[in-house]
Structures are given as structure tokens and as C-alpha cells.
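# Fold and contact review
The chain contents come next:
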Amino acid sequence: MSDKLNRINPISIYINLWSRLILLISTRKQHTHRAITSRWLLFVVLIVGISACAPAPDLRDDSFLQDTSIVSGEPCEAPCWQNLIAGETAWGLAQDVIETDDNYRVITTERDRRTGEAWVEFAFQDGLECCRIYTDNGETLTEILLLLAPETIVSDVVTRYGEPLYITAQEQSPEQAYIALVYPDIPMVVYAFAENVTTDEIREDSDVVGVRYLAPTTMTNLLETESLYLWDGYGELRDIVDGEFDLLPTPQTDDTDETNQ
């Protein structure tokens, strides 16, 4: 197995919406990059109160990034954001775009010198920490993560890009959950809000609360490590997320891991 598999775990992020601080925790020598890619599909990893006694954070917050470019296509169409494209844009250029734009307030910049892995966490103006750009090699932008103010609805995304191929959902608290809509060909994951996985629906007017733009290889890894359901239209989540997955993880071997490094 490649030595790269034992290197630093890229990122685990816990956002405390009340103190407006981000705690980045990097755990060494535990998971492969493929395992981390899989876990990153779960929006709950990105929004978790640091204090177990604190109330659950609100997935719909106007202080997150106010950006409707996913449907407006301005200044560029997904998976491009602010003329940055995961898998294509040089990492140094991506950093410059965030660090020199007055609309963004950089919170944290981290880099692992051995692996080249690096990330920049930032907020929109005076709002909550909302966003991250990430590279897994220090040379090319790998991912763009945006937590969005609820200004866009699912039907807006479907009208522009068509229906997603896959869907899944995860409870954040008894009062709220997120729905992940997976577009492999773009490649991106769109996150929509639901009040409850068992009683709510995925609707045309469900609020979009986040988006993740991925390098094509990262999307491939995600599809090989996630359990997902085929999109079958709008409806009750309990009928969609029923435990009968349509896509199951590909069994992993040492040879498979080596091939994907």
C-alpha cells in the first residue's frame, strides 16, 4: 500500500455558529484519501456544534455565502465558481482569488509541507464562516465547498442542469436534515434543506443550502465509496431513503487503492 495512504487526513471541520469560529482538526495516519472523500459527502461533518450542549446549528442561515451563481451562471457555470474550476485551476491562483477579493474574509489557511495538502477557510463579508477551497497536492484546486444563504431552490438547479443522478439524505437534528443531490457529470453535489428525513419531502421549492464542486477524480472516488439512491423525482424522503441502495461502494483492495493515488 502506498505511503500516501498514511499521510495527513486532509480536513475535518466543525463549525460553531454561535462563536463564529472554525475548528480544523487534522487526524494523522487513519484514513485513505478515498475514505475522506466518501465522508465529505455527508454535510453533517461540515456543520456540527463544538459543544455537545449547544443547540443544533441552523442549516438555513442568511449569514452564509450570498451567491446564486449556481443558477445564474455568472461569472461562469458550474462546476466553475468565480472562474475557479476544481481539477483545473492552479492552487496559487485559487488562493489569490479568495485572498484579494474584498467580499471574502479569510479565516484560516493551512498547509502540510510533506503532502502539499492545503486549504483556505473564509467567510462572506461579515457573515459566518461558510466556505473552503482545498488542494490535495498543493498544485491544483481539488474542491470548492460553499455553504449558501437560502436564496435558491431545488427547481432552479434542476431547470438549469437537469435532474440529479443520485440522492441521499441525513438527519442533522430532529428538526432539520440535509439532502444531497449528486451530479456526477458536472461534477457537483448540491445540498438541500429538509425539516425531517422521515416526515418531510424533497420538493421543487426545497431550499438549497450548500454546494460542493469536485475535481472529476474526486467525484469518481466518491461514487466508488458511497451508498446512494437513484433519483426518482420529488416526493417523501422516507420512500426515497429506504435503505435499499441503488449504488453500493466498490470493494476495496490494495491494488485498487494504489491505482487511485
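Residues numbered from 1 in each chain as written. Predicted model: local features only at pLDDT ≥ 70, side-chain atom pairs only at ≥ 80, totals over all residues. Heavy atoms only, no water.

## Things to note about the sheet that holds strand β10 (residues 176-183)
Hydrogen bonds between backbone groups are what pair the strands of a sheet, and the pairing can be parallel or antiparallel. The strand order β5-β6-β7-β8-β13-β11-β10-β9-β14 describes an open sheet built from nine strands, whose pairing is antiparallel. Two strands lie at the open edges of the sheet, namely β5 (104-111) and β14 (229-230), each paired on one side alone. Where strand β9 (residues 166-173) and β10 come together, seven bridges link them in antiparallel fashion. Each bridged residue has a counterpart across the sheet, and for Thr168 the counterpart in β10 is Ala180. (Pairing = 2+ DSSP bridges. Helix = DSSP H or I, 4+ residues; strand = E, 2+ residues; numbered from the N terminus.)

## Considerations on unusual backbone geometry
With an omega of 0°, the peptide bond running from Glu74 to Pro75 counts as cis. Of note, Pro75 is situated in the loop between α2 (69-72) and β3 (80-81). With an omega dihedral of -15°, the bond running from Ile186 to Pro187 counts as a cis peptide bond. Secondary-structure assignment places Pro187 in the loop between β10 and β11 (188-194). A positive phi angle, close to 50°, is found at Gln82, a residue other than glycine.

## So, the pairing of strand β7 (residues 129-135)
Put simply, side chains in a regular strand alternate between the two faces of the sheet. Burial runs high along β7: seven of the seven residues are buried. Looking at chain direction, strand β6 (residues 118-124) and β7 are connected through six bridges and run antiparallel. From the neighbouring strand, Val120 faces β7, where its bridge partner is Ile133. Hairpin remark: β6 followed by β7, antiparallel, with four residues in the connecting loop; positive phi at Gln125, about 50°. (Buried < 20%, exposed > 50% of the residue type's maximum accessible area, 1.4 Å probe, protein only.)

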